[in-house]
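# Tertiary structure, described
Listed below, chain by chain, are the residues.
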Amino acid sequence: MKPPVLIPRPETEELVHLVLADLNDRCPSSALIMDVGCGSGAICLWLLKNRPDDRSIAVDISTEACQLTRDNAESTDLLRRLAVHRCDVTTESASTLKWPQSFDVVVSNPPYITPAEMADLDPELTWYEDERALLGGGPDGMDIIKEVVRFSQQTLKRGGSLWLEVGLAHPPLLRQFVMQHCTGLNFIAAHPDFTGRYCILNSL
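Before going into details, it helps to say that this report is about the structure given with it. (Residues numbered from 1 in each chain as written. Predicted model: local features only at pLDDT ≥ 70, side-chain atom pairs only at ≥ 80, totals over all residues. Heavy atoms only, no water.)

To continue, consider the side chain of Asp-104. Here Asp-104 shows up in strand S4 (residues 103–108). Other than its neighbours up to four places away in sequence, Asp-104 contacts Arg-26, Cys-27, Ala-31, Leu-32, Leu-156, Lys-157, Gly-160 and Ser-161. (Helix = DSSP H or I, 4+ residues; strand = E, 2+ residues; numbered from the N terminus. Contact = heavy atoms within 4.5 Å.)

Let's shift gears to the sheet that holds strand S7 (residues 198–203). Spatially, S3-S2-S1-S4-S5-S7-S6 is the arrangement adopted by the seven strands of the open sheet, whose pairing is mixed. Each edge of the sheet is formed by a strand with only one pairing partner; in this case those strands are strand S3 (82–86) and strand S6 (185–190). When strand polarity is set aside, the average angle formed by the axes of neighbouring strands in this sheet is 20°. Here strand S2 (residues 55–60) pairs with S3 via five bridges, running parallel. Bridged to Ala-58 within S3 is Val-84. Packing against the sheet, helix H3 (residues 63–75) makes contact with S2 and S3, and its axis sits at approximately 170° to S3. (Pairing = 2+ DSSP bridges. Axes fitted to C-alpha atoms, helices over the stretch in contact; angles between N-to-C directions.)

The biggest cluster of nonpolar side chains holds 29 residues, and the ones touching the most others in it are Ile-145, Val-149, Leu-164, Leu-174, Val-178 and Leu-201. At the level of elements, strand S1 (32–36), S2, S4, helix H7 (143–153), strand S5 (156–165), helix H8 (170–181), S6 and S7 are the ones that each hand at least two residues to this core. Here this core gets four residues from one element, more than from any other, and that element is H7. Contact partners of Leu-164, with chain neighbours within four places excluded, come to Leu-15, Ser-108, Pro-110, Ile-145, Val-148, Val-149, Leu-174, Arg-197, Tyr-198, Cys-199 and Leu-201. Within the second largest apolar cluster, 16 residues are counted, among which are Val-16, Leu-18, Cys-27 and Tyr-198. (Core = buried A, V, L, I, M, F, W, Y, C linked by side-chain atoms within 4.5 Å. Buried < 20%, exposed > 50% of the residue type's maximum accessible area, 1.4 Å probe, protein only.)

As structure tokens, this is what we get:
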């Protein structure tokens, strides 16, 4: 890890296990994965390590994060199955980026902390980590989550899954947003794990 990239949290490991189970069920042979907001590359690299025939594209707004993901992929001998791109999903559309094909899974641990929550965070988070990787935007922390959903809607295969790690208060807000604004997506569930912060959506 290198600053200012967000340090992966134990909760994110739970997300990766859920995505792996989904992939093993729907795509037992191989899959194409997109990691939005890749940070250190922990999510996409863990999935590639456990599924040797998969390929992944990882995107992040941070140049430092993209380079760190490349470095980590090279050190784990996974770079040949991974492409890393600097991309701001809040301003760029998937159609302009010319991906080679659509994706079986999009997974993202986007920024979702609210300004009010930011004031109560542990000092090590606010001192050493990139604020862009923490603050979700807007008073409810949903702005970046919404942009990730819109971006993912353009990239998923029919029947593909979008997995998100969100704040504890976000699942009902996300469900409402999808119902009102995303005709091509269906909110499946806030996964009943130990926190309830992992949401799965699928492409219709």
